[in-house]
Amino acid sequence: MEILYSYHDNLIKQVNNSFFRYLFKEIHWDQRMLAIKGPRGSGKTTLMLQYIRFLLQKPREQVLFITADHYWFYTHNLVETADEFYKNGGRYLFIDEVHKYPNWSRELKNIYDGYPEVRIVFSSSSALDIYRGESDLSRRVITYELPGLSFREFLELGGHGKFPSYDLVNLIQNHHEIAIDILNKVQPLPLFKKYLKYGYLPLFHEGSPEEIPIRLNQTINAVIETDLGHIQEYGAGTAFKIKKLLGVIAESVPFKPNISAIARKLEVSRDSIYSWFSFLENARLLNLLTMEGKGISLLQKPEKVYLENTNLANALSLQPDLGSIRETFLLNQLLNKKIKVTLPDKGDFLAEGIHIEVGGKNKSSKQVRGQDTFLIASDGIETGLKNRVPLWLFGFLY
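The present account deals with the structure reproduced in this document. Chains are numbered independently. Their residues run from 1 in the order of the written sequence. Restriction of local features to residues with pLDDT of at least 70 applies here, the model being predicted, together with a cutoff of 80 or more for giving and counting side-chain atom pairs; totals for whole chains, interfaces and linings are based on all residues. Values shown for side chains rest on all heavy atoms present in the structure; no hydrogens or waters enter the calculation.

**Structural notes on the overall build of the chain**
Spelled out, the test is: Helix numbers and strand numbers start at the N terminus; a helix is a DSSP run of H or I with at least 4 residues, a strand a run of E with at least 2. For the radius of gyration, the atom set is restricted to C-alpha positions; the globular benchmark scales as 2.2 Å times the number of residues to the power 0.38. Residue contacts are defined here by distance: any two heavy atoms, one from each residue, within 4.5 Å place the two residues in contact.
Helix and strand counts for the chain come out as 15 helices and 12 strands. The C-alpha radius of gyration computed for the chain amounts to 22 Å, which stays within 12% of the reference 21 Å derived for 398 residues, consistent with globular compactness. Taken along its principal axes, the extent of the C-alpha atoms in the chain is 70 × 55 × 40 Å. A separation of at least 24 residues holds for 67% of the contacts in the chain among residues at least 6 apart in sequence.

What follows is the structure, encoded as structure tokens:
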């Protein structure tokens, strides 16, 4: 197994402690089995490596970080690897991109049941339904979700300062004071524009802004062709049609879907379109919005379909609609905070009983006026007043 330890050592020495994702402090790392799900490039691998190097700090023989697509697994399986690891003193096993390993669920269950002294942390694509594997892991695994960067994290990673996060009610009630505190340290509006274009994933810190759309398109292709292919086992023809569907959505976000028309255009069934919407939502390429009061089911038509984040819009369209970008950002940040969002009768979003209308600095409140609780999320303003809250400030929810 020395080849695996060498791989582990090479990765560990490359991570530093200059920036930690918000989830690092929220994970209860002492659980016997943890799963970290998230979109490609969100920082799952770095999160695990930072924990190993800076928090766990156990002797080399006790800890092993492996990736499920390592060539070692061409001739070995996970269970026998875990067995050898345990017999040589191993107690902390980290497995990256577990969805790329066949029979991952069954073998993880066998490791969990057969080696009670071994703690397991694994990462996976957002698209993987961990609780619907071949073996029941629901009683064994604790799952955490790692989304892309908030605007707050973008500022920190970019060297513009460290700031606290705020829950939604506190942010709304004290938005003027919070904005003033932030303005004393940084000028947010120019940086917010950059974040909307290319700052959602940590990869913005690794290259030039011009490279980001190219890399995002590569990520989209990898998610559809590789990740979803591993999980759903469909062929190249289906992947091509799913990419066509994503292209149609990108040109018209927020997209109000006509399921029958889309199915005819792509020459597939309506049920296939519903399934693809669900796959793309789980893979963090789309966010689906349903009406207030309606349940959620696989074959339910969403009222609106958004790209999951604004960077995708800029990667897939040369001139994305500004109004759509604003709505996409706000919905993304609310959902990443685990806030339930629905489509209300009046306004753009309903979140925790608050009707929200999104727009520019001169956006009126006529569409939500009369509601018990409402606000205007206004782009292009540094500070707000009363029910008018700066749009950028919602980037401090996590």
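Moving on, there is more to tell.
**Topic: the pattern of salt bridges**
Two side chains of opposite charge can pair, provided their charged atoms sit close to one another. The following threshold applies: Any carboxyl oxygen of Asp or Glu within 4 Å of a side-chain nitrogen of Lys or Arg constitutes a salt bridge here. Burial classes: relative accessible area under 20% of the type maximum marks a residue as buried, over 50% as exposed, and values in between as partly exposed (1.4 Å probe, protein chains only).
Scanning all chains against the criterion turns up 16 salt bridges. Across the salt bridge formed by lysine 100 and glutamate 97, the nearest N and O atoms sit 3.4 Å from each other. With a relative accessible area of 17%, lysine 100 lands in the buried category. Members of the salt-bridge network, linked through shared partners, are Glu2, Asp9 and Arg60.

**Quick look at the sheet that holds strand β8 (residues 341–342)**
Our working definition: Strand pairing requires that DSSP identify at least two bridges connecting the strands. Helix axes are fitted to C-alpha atoms over the stretch in contact, other axes to C-alpha atoms as well, and angles between N-to-C directions run from 0 to 180 degrees.
Pairing in this open sheet of five strands is mixed, and the strands run β8-β9-β10-β11-β12 from one edge to the other. One side of each edge strand has no neighbouring strand; the edge strands of this open sheet are β8 and β12 (388–390). Sheet analysis places strand β9 (residues 349–351) next to strand β10 (residues 354–359), joined by three bridges and oriented antiparallel. Directly across from leucine 350, in β10, lies its bridge partner histidine 355. Against the sheet, helix α15 (residues 322–336) makes contact with β8, β9, β10 and β11 (374–378), and its axis sits at roughly 145° relative to β10, the strand it touches most.

**What about the nonpolar core?**
In globular proteins that are soluble, nonpolar side chains generally tend to be buried together. Rules: The term nonpolar core refers to a set of buried residues drawn from Ala, Val, Leu, Ile, Met, Phe, Trp, Tyr and Cys, joined through side-chain atoms within 4.5 Å.
The biggest cluster of nonpolar side chains holds 107 residues, and the ones touching the most others in it are Phe94, Phe277, Ile356, Phe394 and Phe396. Counting residues in hydrophobic clusters, the runner-up holds 29 residues, among them Ala35, Ile66, Phe73 and Tyr101.

**What about empty space enclosed by the protein?**
Stated formally: Lining residues are those with an atom within 4 Å of a point, where the points come from a 1 Å grid over the protein atoms alone and group into cavities, where a 1.4 Å probe fits but cannot get out, or pockets, open sets with protein on both sides within 12 Å along at least five of seven lines. Grid points are joined across faces, edges and corners, and a volume is the space filled by probe spheres set on the points.
What the rule picks out here adds up to three cavities of 30 Å³ or more. Volume-wise, the largest cavity comes out at about 130 Å³. Residue lining of the largest cavity: 14 residues in total, with Pro39, Leu201, Thr219, Arg284 and Leu285 positioned closest to the centre. Broken down by element, the lining of the largest cavity gets its largest block of residues, four residues, from helix α10 (residues 212–232).

**Digging into helix α8 (residues 175–183)**
Rule in force here: By arc we mean the arc of the directions from the helix axis to the C-beta atoms, nothing more.
Along α8, the residues that are buried comprise His175, Ile178, Ala179 and Ile182. Down the axis of α8, the buried side of the element spans an arc of 100°, and every buried residue falls inside it. On its buried face, α8 is in contact with α7 (168–173) and β12.

**Describing the packing of aromatic side chains**
Convention followed: The criterion for an aromatic pair is that two Phe, Tyr or Trp rings (for Trp, the six-membered ring) have centres within 6.5 Å, with stacked assigned to planes under 30 degrees apart, edge-to-face to planes over 60 apart and tilted to the rest.
Overall, the coordinates contain 19 aromatic pairs when judged by the stated rule. For the ring pair phenylalanine 20 and phenylalanine 24, a centre distance of 4.7 Å and an interplane angle of 45° mean the geometry is tilted. Residue classification places phenylalanine 20 among the partly exposed positions, given a relative accessible area of 27%. An angle of 20° between the planes, with centres 6.2 Å apart, marks the rings of phenylalanine 151 and phenylalanine 154 as stacked. With phenylalanine 151 and phenylalanine 154 both in helix α6 (residues 151–157), this residue pair falls three residues apart, about one helical turn. Like phenylalanine 154, phenylalanine 151 is buried. Cluster of aromatic residues (ring-pair linked, three or more members): Phe151, Phe154, Phe163, Phe192, Tyr195, Phe204, Phe329, Trp392 and Phe396.

Fair warning: the whole summary comes from geometry, so function is off the table for now.
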